Amino acid sequence: MSPRRVPKKAPKAEPGPGDLLINDPILKTISRAAFALVILFALLLLWRGHNAPGGGFIAGLMTVGALILHRIANGDSALRADPTKVIPWGLALSLTTGLVPYLLGGPFLKSDYGYITTALTGEFEWATALLFDLGVFLVVVGVGLSLAYDLIEVQPTERVEGDG
């Protein structure tokens, strides 16, 4: 009687440093609440940016941080589109916001503002600077996510002196 041959199992690939956190239930649970809070705070900073600290740049950086947290926790992006596609839209919006006053005879990037009163919010100020901030926000989100996703895809295979 010949010994029964047991097929060898393929060796498991060693998990990468980021693979250990994907689908972690604690991280997933906490990241949902943190993601929502950070996005709400980023939108508040974007809204108030023309009169108070904040604006499109810092709101974009906070949004990038929230989206990276979502990707680390869930293994996939919360955005269903390529982040590089929003960069030209943001540039066009910011440039157009600056050009319109110039073409109307005013200085470049001149902002206009006014007040709106609603039953829900009361009186609040609107400004065309919000459109400029929205363009900056889109550029920062597109560039930041593109850089982060490119860095996530890096698989270092080369060792250099000093590596363990």
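The rules behind these values
- Residues numbered from 1 in each chain as written.
- Predicted model: local features only at pLDDT ≥ 70, side-chain atom pairs only at ≥ 80, totals over all residues.
- Heavy atoms only, no water.
- UniProt positions renumbered as here; feature names shortened; annotations may be inferred.
- Axes fitted to C-alpha atoms, helices over the stretch in contact; angles between N-to-C directions.
- Helix = DSSP H or I, 4+ residues; strand = E, 2+ residues; numbered from the N terminus.
- Parallel < 35°, antiparallel > 145°, perpendicular 65-115°, else oblique.
- Left-handed = near helix turned anticlockwise from the far one by under 90°.
- Contact = heavy atoms within 4.5 Å.
- Nonpolar A, V, L, I, M, F, W, Y, C, P; charged D, E, K, R; others polar.
- Phe/Tyr/Trp six-rings, centres within 6.5 Å; stacked < 30°, edge-to-face > 60°.
- Buried < 20%, exposed > 50% of the residue type's maximum accessible area, 1.4 Å probe, protein only.
- Lys NZ or Arg CZ within 6 Å of the ring centre and 35° of its normal.

- The protein appears in an unreviewed UniProt entry as Cation transporter from Deinococcus aerolatus.
- According to its UniProt record, the protein has this under Subcellular location (unreviewed entry): "Cell membrane".
- Quoted verbatim from the Sequence similarities (unreviewed entry) heading of the UniProt record, the comment on the protein is "Belongs to the CPA3 antiporters (TC 2.A.63) subunit B family."

1. A closer look at the packing of helix α3 (residues 86-103) against helix α4 (residues 129-152)
Piece 1. Orientation of α3 relative to α4, taken along the N-to-C sense of each, is 155°, at an axis distance of 7 Å. In terms of axis orientation, α3 runs roughly antiparallel to α4. Crossing angle aside, the handedness with which α3 passes α4 is left-handed. Touching V86, I87, G90, L91, L93, S94 and T97 of α3 are L131, F132, L134, G135, V136, L138, V139, G142 and V143, all from α4.
Piece 2. Partitioned by chemical class, the residues of the contact of α3 with α4 number 11 nonpolar, 5 polar and no charged.

2. Focus on the packing of aromatic side chains
Piece 1. This model, assessed by the stated rule, comprises 1 aromatic pair.
Piece 2. Between Y113 and Y115, the aromatic rings sit 6.3 Å apart at their centres with planes inclined by 90°, giving edge-to-face as the arrangement. The pair Y113 / Y115 is uniform in exposure class, with both members exposed.
Piece 3. The cationic tip of R71 hangs over the ring face of Y149; the distance from NZ or CZ to the ring centre is 4.6 Å.

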